[in-house]
Every structure is written in structure tokens, then in C-alpha cells.
Amino acid sequence: MTRQWLQRLRPDPDGAVDPAMPSAAIAGAVELLGTGPARWAVQTAEAIAAEILEQVPEHGGGHGPVATLRRSTESAVLAALRLLLSESPRGISELTDETLAGCREFARRGIPLAQVLRGVRLGHARLAHDLAAAIEEHVPADQRLAEVRRVNDLLFTYADSHASMMAEEYIAERDRWRGSDEAARRAIVDDVLAGRPVDAVTAARRLRYDISRTHLAAVLWCDDADGRTPVAERLHRTAMAMTRTMEAAGMLLIPADSVSAWVWFALTDEDSADFPGRAERLRAGPGRAHGVRAALGSPGAGPQGMRRSHLGALQAERVARGSGQSGQWLCDFREVRLLALATADPEQAHWFVQDVLGPLASSGDRVRELRETLRVYLAEERGLRAAADRLHVARNTVTYRVRRAEELLPTATTASDSLELRLALEIARHLDT
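Residues numbered from 1 in each chain as written. Predicted model: local features only at pLDDT ≥ 70, side-chain atom pairs only at ≥ 80, totals over all residues. Heavy atoms only, no water.

Asks: Describe the overall build of the chain, with residues and values.
Replies: For the chain, the count of helices and strands is 18 helices and 6 strands. With respect to the principal axes defined by its C-alpha atoms, the chain has extents near 70 × 65 × 35 Å. Residues classed as buried in the chain amount to 47% of the 433 residues present. Here the analysis covers contacts within the chain between residues at least 6 apart in sequence; of these, 73% occur between residues at least 24 apart. On the chain, roughly 21200 Å² of surface is accessible, and the fraction owed to carbon and sulfur atoms is 50%. When the 55 positive and 60 negative side-chain charges of the chain are each reduced to one mean point, those points stand 3 Å apart. (Helix = DSSP H or I, 4+ residues; strand = E, 2+ residues; numbered from the N terminus. Buried < 20%, exposed > 50% of the residue type's maximum accessible area, 1.4 Å probe, protein only. Contact = heavy atoms within 4.5 Å. Areas by Shrake-Rupley, 256 points an atom, 1.4 Å probe, with all protein chains shown as cover. Lys, Arg positive; Asp, Glu negative; His and termini not counted. Charge placed at Lys NZ, Arg CZ, Asp CG, Glu CD.)

Asks: Break down the nonpolar core for me, with residues and values.
Replies: In terms of nonpolar packing, the biggest core is built from 53 residues, with Leu207, Leu252, Trp264, Leu357, Leu360, Leu374 and Leu421 touching the most fellow members. Sort the elements by how many residues they give to this core and helix 15 (residues 365-379) lands first, with 6 residues. Core analysis: the next-biggest nonpolar cluster, separate from the first, contains 47 residues, Trp5, Ala29, Cys103 and Leu122 among them. (Core = buried A, V, L, I, M, F, W, Y, C linked by side-chain atoms within 4.5 Å.)

Asks: Talk me through the pattern of salt bridges; I want residue IDs and the actual numbers.
Replies: The full count for this structure, using the stated rule, is 26 salt bridges. The residue Glu173 makes a salt bridge to Arg176 at a minimum N-O spacing of 2.9 Å. Here Glu173 and its partner Arg176 are both found in helix 6 (residues 141-178), 3 residues apart, which amounts to about one turn of the helix. For Glu173, a relative accessible area of 7% translates into the label buried. With its nearest N and O atoms 2.4 Å apart, the salt bridge here joins Arg366 to Glu369. Here Glu369 and Arg366 lie together in helix 15, a separation of 3 residues that amounts to about one turn. On the accessibility criterion, Arg366 (40% relative accessible area) is partly exposed. The class for Glu369 is partly exposed, based on a relative accessible area of 30%. The network of salt bridges with shared partners includes Glu372, Arg375, Glu426 and Arg429. (Salt bridge = Lys/Arg side-chain N within 4 Å of Asp/Glu carboxyl O.)

As C-alpha cells, then:
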């Protein structure tokens, strides 16, 4: 009877529930645990991941590593709930697939084992705290002490087994990785990206790619991890298709994590000069695998150009994952570099939007519609017909929305302040303020 409180778990209605695990895995958890507990687990796991990132920043380093951590914490919380709901709990005999993948990635990225295990301890401590709060809310007073003891005993056993198996898997993967060709290639790339001196001849031999040439960097990632074709295969197929479309002289692909890869294409000087046209051909070119998206840097020469192009691609990836670029499969850094610069510090960007837009920065579909109309109107140099065509509405609708949007702007901001206003509208679209 005391286990029934677990089935009454519900997520915070004011918080988002955005699973990081594949939809099939979430559906399985819902079927086994129920919708409420599964959604509570996802929301709790996101808070756990955020706390781990704050206390152990080595777990971060971009969207891919954060997504890996979130999948791992989600699977661990769901596994803990299944254990607590079981009539005859036996602990755990193996790690979940998501935890295994995360553990192996931590080893390949060189995160110290002590930091990995610290993240495990932080996660279990936060889970125990949140479950204790739920017991306080849902379990009758005369049963609380016994249920707290039961939950703590099971969680301690679970955490101990979880940490031990992670340590074993980490050490095995670290030893395998250290002796691999892939690790040697990644070490050279890490040196280039860190700006450390690299012998070009040795690097070319090991990478099978000439780092002295002109490079175009790309970040590839897969939004759909549920497809039948493995993600790594889809990323490689897309990189090869891009190589053919651009007629690149060479290509280097380095796996970044389980769902993304870093790629460099070797270009001639003529290719680099004609890059805008080649970027358009990439957008329309055939061969992109299902679910794969890409972000491009700007062409650059030599090891420094390889590094700079990669950093630009990472910034383009960040922007592409924002709401403003969600409908495109390819994002070119040169098209979004102003937005990338303006949103490098999200908190400062948010303040800027609030100061410039005032009430027009409010949440809600209606205000968002007014912002988007004003953004397109200014982008089209105040052309009503062009704005109406882009928005697929009547000219009178554009006129009304623009007037209403301008009424919401602070008195210190007017539609004539085109630079700050247009930038604030672009940032708001990206941040989905």
C-alpha cells in the first residue's frame, strides 16, 4: 500500500517536461510507471543534470555532452522508480544503455573518474531529497518514517551498485580508448583546437588529412535518434554527401559524442572564394541522411583557420538549435554571426531584449506574433507587401500588427531605432522570450 504514493507523482505544472531519451524509451516508461511518474522523473532528471553541470562543469561543453548527461540521468531516475515500485526489489544487475553510453563518453573525453562519480553522488542525493519531499506530501504521517527508511535503504543499494558498475565500465573504456587510433586522432585535433603547436606532417599522416590547407568546418548532429539506421552511419553518409556536393579535396570526421560529429572539408582557394554559392548548393544538395542537421563555420587557412572555422561552426550550431533556426537543416555561421555574438551571454541578451522591447518582450502567442510581424516588416525595409507575402497574411493585417507592436514598445524605443530594435527582435526570436 505504501508504494501507491509513487504512482501519484506529478511534475511541477510550471516547469517544462522535455525528455532527452528516445520517444520509444519514454513510451515504455509511461506504460510501466504511468504518465505522471514518468513525467515527474523526466523533470527531476533535468534538475539533477543542471545541478551536476553547476557543481561539476566538466560534464558540459556543448549541447551534445549536455544531452548525453540528461539521457543518463533520465534513465537512472526511471530505473530508480522501477526499483522502488517493485514488490521484490533486487537492486540492479546492469547499467542502462543510456548510462553505459554516457560513461563511455566521459572516459573518451578524459573526464576524471572522481568527477564522474561525484556527479553520480550529486544525482542520487538530489533524487533522495525530492523523493523525501514527495513522501511528505503523499504518505500518511503514521507511515512516513517507515517509507523514508525503505526508500533510503533501496536508494543506497542502488547508488552503490550504480557507482561501482560505472567505475568498472569507465576504467575498461578508458584503457581501450587510450590505445586506439581514434584516441590519437582526437588528441591531435584537440591540440589544434586548443591553439597548441602541431607538426603538420605528423598530423597529416595520423589524420589522413592535410591541416595546412584551407578548411571549412561543420558540426553535424542527429535530431532523430529513433531511426533504424545508426546515428554514426547517418552522420558519415551526410558528411560524404557534403564532400561530393562541394567537390572538396578531402574530409576529416571526428565523432564528438553519440549523436554528433565534427567535420572539416579541405577546400582550394577558388573553392573558398566561391563559398557562398557552394553553401546554397549544400542546402539543396542530395544525400543528407534522415534527421541530420549541420552548422557551418567560415573557411580558414592552416591550423589556425581549422580552429577558427570550427569555433564558428559551434556558434552556428548553438544558434541553429534556437527557435529562430529550427526549420532549416543547415545553418551558415556567416548568416547568423551577429546573432551569435549578441547571444553569447544569454543573461545579458535577455536583459537587452527586456530593455529595448519592454512589454513587447512578454510571453504568449499573441505578443510573439506581433514581434515576428514587426521583425519581418523591418527586415523587408518597411515594405508592407513584401512582409505580407513572407508572413502569408493580408497587408492590412501587417499594418494592424505593426501599429499594435509599436504601441507596446517603451517610450525610449521607437521603430526608427532600427539597429537596436531589429537586433532585439532577432534575439527574442532566438531565445523565444
